[in-house]
Amino acid sequence: MRVLGIETSCDETGVAVYDTELGLRAHALHTQAALHQDYGGVVPELASRDHILRLLPLVDEVLAQARLTRRDLDGVAYTEGPGLIGALLTGATLAKTLAWALAIPALGVHHLEGHLLAPLLEEPAPAFPFLALIVSGGHSLLMDVAGVGRYALLGDTLDDAAGEAFDKTAKLLGLGYPGGPALARLAESGDSASFRFARPLTDRPTLDFSFSGLKTQVLLAVQRNGPERHADIAAGFQAAVVDTLVWKCLRALDESGRERLVVAGGVGANLQLRERLREGTARRGASVHFPRPAFCTDNGAMIALAGALRLAAGEREDASIHAAPRRELASLTPP
Ligand code: KG4
Ligand code: ZN
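Residues numbered from 1 in each chain as written. Chains lettered and ligands numbered in written order. Predicted model: local features only at pLDDT ≥ 70, side-chain atom pairs only at ≥ 80, totals over all residues. Heavy atoms only, no water.

Caption draft 1: Geometry of the sheet that holds strand β6 (residues 130-135). Read across the open sheet, the five strands follow the order β8-β7-β6-β9-β10; overall the sheet is mixed. The open sheet has two free edges, formed respectively by β8 (150-155) and β10 (287-289), since each of these has just one partner strand. Neighbour-to-neighbour, the strand axes of this sheet turn through a mean angle of 25 degrees, independent of strand direction. Across three bridges, strand β9 (residues 260-264) lies against β10 in parallel orientation. When the bridges of β10 are listed, R260 appears paired with S287. Set on the sheet, helix α8 (residues 230-256) makes contact with β6, β7 (140-147) and β9; between it and β6 the angle comes to about 160 degrees. (Pairing = 2+ DSSP bridges. Helix = DSSP H or I, 4+ residues; strand = E, 2+ residues; numbered from the N terminus. Axes fitted to C-alpha atoms, helices over the stretch in contact; angles between N-to-C directions. Contact = heavy atoms within 4.5 Å.)

Caption draft 2: Examining the sheet that holds strand β4 (residues 75-81) more closely. The five strands lie next to each other as β3-β2-β1-β4-β5, forming an open sheet whose pairing is mixed. Single-partner strands in this sheet number two, and they are β3 (23-31) and β5 (106-110). When the angles between neighbouring strand axes are averaged without regard to direction, this sheet yields 20 degrees. Where strand β2 (residues 12-19) and β3 come together, eight bridges link them in antiparallel fashion. Along β3, the bridge assignment pairs V17 with A26. Along the sheet face, helix α11 (residues 300-312) touches β1 (2-7), β2, β3, β4 and β5 and points at about 135 degrees away from the line of β1.

Below, the structure is given as structure tokens:
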């Protein structure tokens, strides 16, 4: 089954074709980072308008890359939520319209299910069951994954998500938007031992995450030190977040007895996090699976994959346009 995937939940327009027999056929992405940069964050109305401009050309580009025509498609998957309502509506409307015109099914996909299944785009693909750490701009979640749609929440975001903490700290350090990658780059030239920030909630049994207190500590450090210490502060901050995430993942592995961990979401592109999780899981005889960095952040391939798995299993929805800004991942059911 050949499925077109469309992602428009936030500030990237992602389109891809996934074939349940041949795997990923093509993918393309347009990022709006430059569009929102002057505002220090995503401006929802600008995001929606830009998705409308980019979507159809990207669909044509992806089909050309895959040497397919619209008639070769067997289904369309689109991000139903969570996300910005206007942005979601642009992708959902195009998906439903294409599906109607081509007389094929369209299916709304949970954005985080896309992230969660993205490691399946890589070789070797992790087998179910596994634990999943989802660390994006809006979420820090630890899930137990028994199969597609069989998700149990182990740990949740209590305040700022990991990516949000990276972005806010980057802003304090005068770095542009989105701040995560820029902060990680600055941290490379800093000494992570010269600022020792707290590892939030690692002194308690909970697997929940809280990063807002860390942000306050960084703010104080920035106020008390000159710009020449920014790289050290960035390194200290990154070490605190990475330590916290690694500690919770390893504890969840120990407690659950699962042997595989997958990491997804934008912060999953962080090299320090990847290295530390590789070491920690190897010491336990467990394995860790990451999507390639381009599939950690938002992309169409993960939506095409998740939609293809559900459509191929026979899942269908009504003809109306589905867009849900807020939606719990643990409420999903198997196809
Ligand atoms: O998954 P994603 O693309 O979008 C959401 O669904 O939120 O994640 C974006 C987040 C941003 O907060 C960005 O700063 C962060 O991922 N991010 C990183 C890195 N690359 C992206 N954070 C730390 N290190 C990175 N290398
Ligand atoms: Zn995302």
